[in-house]
Amino acid sequence: MESERPYDALIIGAGIGGLSAGICLLLLGQRVAVVEKNVLPGGLMRGYRRAGMDCPVGVHYFGAFGEGEPLRRICDYLGLSDGLAAERMGRDSPIDRYHFDEFTFDLPAGIDAFAAALRQAFPAEGQAIGRITADLLSAAEMQNSFAFLSPQPPLFDAKLYAPLSAYLSGMDCSPGLRSVLGVAARWMGMQERDCPAFYHHFALSSYLLSAWRLAGAGADLAEAFVARVEALGGEMICGDAVAQISAAEGAVTGVRLASGRVLSAARIVAAIHPKQVIAMLPAGLVKPRHARLVAELAETESLFALNAAVDAAAHPALPHNVFRLRTDREGTITDGVFSQMRRAEKGKNLLVLITKSPYREWQRWERSATGSRGPDYAEEKARRAGRLLREAEGLFGSLADATLLDAYTPLTLRDWVGTPEGSPYGIMRSMRQLPALAALSRLAPAGLTFAGQSALSPGVLGTLLGSLHAVRQVIGPHRFAAEVFGPLAGSRKKRELR
Ligand SMILES: Cc1cc2nc3c(=O)[nH]c(=O)nc-3n(C[C@H](O)[C@H](O)[C@H](O)COP(=O)(O)OP(=O)(O)OC[C@H]3O[C@@H](n4cnc5c(N)ncnc54)[C@H](O)[C@@H]3O)c2cc1C
């Protein structure tokens, strides 16, 4: 098929990463198309409806969306803030409640409030808590100044390059304090021994700045991103996967879609999983050694999740998230369930339960596709869901009235967004893998840039930061500094981080 008029940039994938990178390039005057394999754009941010209830997938809560905070400033810059209707958490209740076997910890809003809650729970550990608080404040400050995107990227204190477990051991933290601080690593699908301390601190400090839930549905959020792309003159091509990236003389020239349609551009932003991208490149463009390096990168821990309708009178909506966590004797988290009891309609509330579930547990069905996996898969899902609901009764009381709306596995996530092994937060950004991840952009042929959650960091804020990082590579550092970083940094309000 013949190639159409060239675009300035083609974006592969219409998740948070692809859509936000597209919006930013459109704001900079580029001619952009976003290509999405699914008929419905949005990727993980898009929720779905079952029995009239909205079921979230990849946006349960997010941080730093308060006036003058990093996520809000990015959304303001991209013109997305009005589409991101959100409710603030932590005003009259904690943000999170962590239930351990021995104690319960309430995560409050605010870094100082967090430090005070830690001091109250672990009174003998004032010194370690003081040092951790100082590190959290400097992580918040770095985020607030968009230090990652600045012309002079920041240098961390050397101890923050250690895995979280070593960082906490270095401060002689008790098992209890370790277990409380381990939770934020789990949000990013990492164990404490894998998660770099600076990632942990960025994630935790952004939620402590302010934590939010969507006021509307995930589908509304996805549509708000798409509407912005279209309002800026971008083209959305949905229901047609990119099958191949074409290249000539070491540089990308465009893509071929599954339908056979050919699109040309000298710039491609791949906002999908990097392992998929390597497989799309012409043979010989990436050295086999490099391709193997990417193929062998470990993924973040995968998940099993369910959404259930419960009687609202028996199970009132909770303004905070609830975690049931188990640890070993050292305070390392071995198991956990994240839950939300959300307001719904018609006398019902929505119970969300998410727990880790390695891909290998579902591997026997890996050759089948969503919707056609057969009765044994459905039985296994029902069995797991039943077990998860029974365990949740320890927190919520009898759930005999619960109606299971849906449960999803690593295979569901794999099929929906195309991540290998249903990786929920992309490639694991562990200490061990950081050098290989840093080398990713150097492996790519000229004109190809990675965005999406594997590029810089996962989550709503992490993925948006990754998009801005990708835009810098597309337009060059000087133009980026003047037209993106300048306005973003300038939008900073004098604001108390504590
Ligand atoms: C269960 C779960 C809960 C989560 N909860 C939270 C949370 O509460 N807060 C938070 O901040 N983060 C959360 N996250 C993480 C967050 O959802 C992700 O980091 C973010 O949505 C990733 O966006 P993305 O654009 O990188 O990827 P995706 O959303 O995966 O988008 C990639 C898109 O590319 C498309 N695609 C794939 N292959 C092709 C192809 N060949 N051609 C064209 N298109 C293609 C996919 O269909 C998809 O639409 C959660 C994730 C999961 C899985």
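As a reminder, the structure under discussion sits directly above these lines.
If you're wondering where the values come from, they're calculated on a predicted model, not measured in any experiment.

What counts and what doesn't
Residues numbered from 1 in each chain as written. Predicted model: local features only at pLDDT ≥ 70, side-chain atom pairs only at ≥ 80, totals over all residues. Heavy atoms only, no water. Near = heavy atom within 4 Å. Polar contact = N/O pair within 3.5 Å; in protein donor to acceptor, adjacent residues only side chain to side chain. Helix = DSSP H or I, 4+ residues; strand = E, 2+ residues; numbered from the N terminus. Nonpolar A, V, L, I, M, F, W, Y, C, P; charged D, E, K, R; others polar. Phe/Tyr/Trp six-rings, centres within 6.5 Å; stacked < 30°, edge-to-face > 60°. Buried < 20%, exposed > 50% of the residue type's maximum accessible area, 1.4 Å probe, protein only. Pairing = 2+ DSSP bridges. Axes fitted to C-alpha atoms, helices over the stretch in contact; angles between N-to-C directions.

A. Broad picture of the site of the ligand. Around the ligand, the structure places 37 residues, and the nearest of them are E36, G58, H60, Y61 and Q453. Separating an oxygen atom of the ligand from a backbone N or O atom of G459 is a distance of 2.8 Å. Elements supplying a minimum of two residues to the shell around the ligand: helix 1 (16-27), strand 2 (32-36), helix 9 (274-280), helix 12 (410-417) and helix 14 (459-475). When grouped by side-chain class, the residues that make up the shell around the ligand number 23 nonpolar, twelve polar and two charged.

B. Quick peek at the packing of aromatic side chains. A full pass over the atoms with the stated rule returns 21 aromatic pairs. With centroids separated by 5.9 Å and ring planes inclined at 90°, the aromatic side chains of F103 and F122 adopt a geometry described as edge-to-face. In this pair, F103 is assigned in the loop between strand 7 (96-99) and strand 8 (104-107) and F122 in the loop between helix 3 (111-121) and helix 4 (126-144), connecting sequence segments 19 residues apart. Residue F122 is classed as buried on the basis of its relative accessible area of 9%.

C. Inspection of helix 2 (residues 70-78) at higher detail. The buried fraction of helix 2 amounts to eight of the nine residues, a majority that puts the element mostly inside the structure. All of the buried residues along helix 2 are P70, L71, R72, R73, I74, C75, Y77 and L78. Residue G79 follows helix 2 closely and has a positive phi angle near 75°.

D. Quick look at the sheet that holds strand 12 (residues 251-257). Here three strands make up an open sheet; going across it, the order is 11-12-13 and the pairing antiparallel. Unpaired on one side and paired on the other, strand 11 (242-248) and strand 13 (262-264) mark the two borders of the sheet. On average, adjacent strands in this sheet sit at an angle of 25° to one another, irrespective of strand direction. Bridge count for strand 12 against strand 13 is three bridges, and the pairing is antiparallel. From the neighbouring strand, V255 faces strand 13, where its bridge partner is L263.

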